[in-house]
Amino acid sequence: MCMCLSWFFVLDKMQLYISPSLRHITVFPAKGFKEFMKVKVGSRRVSYRMLFYSLLFFTFLLRFVFVLTTVDTIDGETKCSTIGCLGKRLGPGILGRRFESNVPEVIYQVLEEPIDKDELKGRSNVPQSLEDFMAEIRKGKTDARTFALKLREMVTLLEQRTRTAKIQEYLYRHVASSSIPKQLHCLALKLANEHSTNAAARLQLPSAELVPALVDNSYFHFVLASDNVLAASVVAKSLVRNSLRPQKVVLHIITDRKTYYPMQAWFSLHPLSPAIIEVKALHHFDWFTKGKVPVLEAMEKDQRVRSQFRGGSSAIVANKTEKPVVIAAKLQALSPKYNSVMNHIRIHLPELFPSLNKVVFLDDDIVIQTDLSPLWDIDMNGKVNGAVETCTGEDKFVMSKRLKSYLNFSHPLISKNFNPNECAWAYGMNIFDLEAWRKTNISLTYHYWVEQNLKSDLSLWQLGTLPPGLIAFHGHVQVIDPFWHMLGLGYQDNTSFSDAESAGVIHFNGRAKPWLEIAFPTLRPLWAKYINFSDKFIKSCHIRAS
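Keep in mind the model is a prediction, meaning the values are calculated, not measured.

Cut-offs used in this document
- Residues numbered from 1 in each chain as written.
- Predicted model: local features only at pLDDT ≥ 70, side-chain atom pairs only at ≥ 80, totals over all residues.
- Heavy atoms only, no water.
- Helix = DSSP H or I, 4+ residues; strand = E, 2+ residues; numbered from the N terminus.
- Buried < 20%, exposed > 50% of the residue type's maximum accessible area, 1.4 Å probe, protein only.
- Areas by Shrake-Rupley, 256 points an atom, 1.4 Å probe, with all protein chains shown as cover.
- Disulfide = S-S within 2.5 Å.
- Salt bridge = Lys/Arg side-chain N within 4 Å of Asp/Glu carboxyl O.
- Contact = heavy atoms within 4.5 Å.
- Pairing = 2+ DSSP bridges.
- Axes fitted to C-alpha atoms, helices over the stretch in contact; angles between N-to-C directions.
- Phe/Tyr/Trp six-rings, centres within 6.5 Å; stacked < 30°, edge-to-face > 60°.
- Lys NZ or Arg CZ within 6 Å of the ring centre and 35° of its normal.
- Parallel < 35°, antiparallel > 145°, perpendicular 65-115°, else oblique.
- Left-handed = near helix turned anticlockwise from the far one by under 90°.
- Nonpolar A, V, L, I, M, F, W, Y, C, P; charged D, E, K, R; others polar.

A. Local environment of the overall build of the chain. Across its full length, the chain holds 21 helices and 13 strands. Looking at the 546 residues of the chain, the share that counts as buried comes to 44%. Of the roughly 29900 Å² that the chain leaves accessible, carbon and sulfur atoms contribute 56%.

Below, the structure is given as structure tokens:
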């Protein structure tokens, strides 16, 4: 028994009838006209199914061509009246490429035309947002050129606003990071007053019986240069609290003349026994008061050149052509810390401490979270500076730095002497072998390159003491484990709290110092836990945990 079926299709403007035996196929108009076309399939060599599927394919292809033709007619300015034209226009589109589309070409031409940014000033008909733009386009018939013009004006306006906002943000951060918070100013004033009225705030540091320890190389000697009393107190407290042998710790605090009395008052009233604390101003060092000090001369010249070269923050912000990141770098170069004697003084450690063989130099924006005595067991291999490299990570702010990140390799003096891809290292927590240092010309090299940079109008590098340090210590650096120095906590808060907590030393290098209001709230507790907020000086100056 055989079941015979027939197929009957209605395809747009035609009907397709296929007989049960697949030997007859009839195509006729859908409106019932009698004209029809009958196809006799007689050859057994032809596959019936192949013919059936071929007809279906061409039927659907015709519908696809109809849709494309309709879209092309809507988008284009001319219609195709010939098969050749249609093939020329649809061929690339079917293959996924469109070589002759008038609309994109017009848009590209308009968007590539230069626009005077002052042209948009005072214009009220420029769309202020994407919503305004879409509403204006929908209001009436808009050709491709008008569409592109409106789009270009809107994007240009938004770019200008974004650039202005970015520059304002960088300017505010610069002001916030460069200014002394009133709380810290208050603390210094109250401690200075205490020093003048309270004998207990004027103790000799250290006491007479402990003075011999200051030159005893069996102790662990740390050096901290700072004019910030609160920051210095955190470094000192975190160092002593986490030391396994605090009785062997000697901390030499170097400060300037104006901060000496507040610093002495703080550590007289807040002793960290059994550790030994020495507080000394630069003018107390015999070496510093004899003759000319190269670092001071360089600083004076640097300040003069920098003020003329930069023109101040207002001139930097007023620049209409430079990118916001370039403006941010120039603002950062104006930061007082880059011209602070506290930043430059480390290059004179061998002269400041002639009796010591090895010291660990600490910046005042770090927190110590582990015992640092194992640093004295690190084999320096005859090198002078034990430091953490900063080219071993993907973090663009801190851990992807090479010499080209700090030095200007377009200058022939730099390009002919150094390799741009050589790994950089960090200041902040460094082991200095002073014995090895005294056998080198590192300090002379440092001052030579600082002088060359001043002569070239700061064209070798623009900011900081690290660039000349990278040059002076070139070939004299012993790489140490990154555990001993985690950087970047003042640049961004991508570092998790747990990762920061597990590091030996954390460094808030960057603008967001932990004592400023712009500090990152997730990381600040790691610093703030070393402050006693119930202390009468801290409390009276309204210094709070958050």
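Having seen the model, we can carry on.
B. Highlighting the state of the cysteines. Taken as a whole and judged by the stated rule, the model has two disulfides. Two residues, Cys391 and Cys423, share a disulfide whose sulfurs are 1.9 Å apart. Across the disulfide from Cys391 to Cys423, rotation about the S-S bond amounts to roughly -110°, and the bridge is consequently left-handed. Of the two residues, Cys391 sits in the loop between strand E10 (385-387) and helix H15 (412-415) while Cys423 sits in the loop between H15 and strand E11 (429-433), which places them 32 residues apart along the sequence. Neither Cys391 nor Cys423 differs from the other in exposure class; each is buried.

C. Structural view of the pattern of salt bridges. Within this structure, the stated rule accounts for three salt bridges. Here Lys258 makes a salt bridge to Asp256, at a shortest N to O gap of 3.5 Å. Residue classification places Asp256 among the buried positions, given a relative accessible area of 16%. Among the ionic pairs, Lys513 bridges to Asp365, the shortest N-O distance being 2.5 Å. Taken together, the positions of Lys513 in the loop between strand E13 (505-507) and helix H20 (525-528) and Asp365 in the loop between strand E8 (358-362) and strand E9 (366-368) put the pair 148 residues apart, joining distant regions of the chain. We classify Asp365 as buried; its relative accessible area is 5%.

D. Representation of helix H8 (residues 257-269) in the model. Restricting attention to buried positions, one finds in H8 the residues Thr259, Tyr260, Pro262, Met263, Gln264, Ala265, Trp266, Phe267 and Ser268. Buried residues along H8 sit in contact with helix H6 (182-197), helix H7 (229-241), strand E6 (249-255), strand E7 (276-281) and helix H21 (536-540).

E. Just the sheet that holds E11, in detail. Strand order across the open sheet formed by seven strands is E7-E6-E5-E8-E11-E10-E12, with mixed pairing between neighbours. Both outer strands of the open sheet, E7 and strand E12 (477-479), are each paired with one neighbouring strand and no more. Ignoring strand direction, the axes of neighbouring strands in this sheet form an average angle of 25°. Where E8 and E11 come together, five bridges link them in antiparallel fashion. Its bridge partner lying in E11, Val360 is registered against Ile431. Sheet contacts for H8: E6 and E7; angle to E7, the most-contacted strand, approximately 160°.

F. View of the packing of aromatic side chains. As enumerated under the stated definition, the model contains 13 aromatic pairs in all. Ring centres of Phe432 and Trp437 lie 5.3 Å apart, and the angle between their planes is 50°; on these two criteria the pair is classed as tilted. Members of the aromatic cluster, joined through ring pairs, are Trp425, Tyr427, Phe432, Trp437 and Phe473. Above the plane of the ring of Phe285 lies Lys280, whose end atom (NZ or CZ) is 4.5 Å from the centre. A cation over an aromatic ring shows up here: Arg346 above the ring of Tyr427, its NZ or CZ 4.0 Å from the ring centre.

G. Representation of unusual backbone geometry in the model. With an omega of -5°, the peptide bond running from Leu205 to Pro206 counts as cis. Here Pro206 lies in the loop between H6 and strand E5 (220-225). Here Ser273 and Pro274 are connected by a cis peptide whose omega angle stands at 5°. By the element assignment, Pro274 lies in the loop between H8 and E7. The phi dihedral of His542 falls on the positive side, at around 60°, and the residue is not glycine. Here His542 lies in the segment after H21.

H. Just the packing of H7 against H8, in detail. Viewed as axis vectors pointing N to C, H7 and H8 meet at an angle of 40°, and their least axial separation amounts to 10 Å. By the angle between their directions, the pair H7 and H8 is classed as oblique. Handedness of the crossing formed by H7 with H8: right-handed. Where H7 abuts H8, its residues Val229, Ala232, Ser233 and Ala236 lie against Thr259, Pro262, Met263, Trp266 and Phe267. Residue composition of the contact of H7 with H8, grouped by class: seven nonpolar, two polar and no charged.

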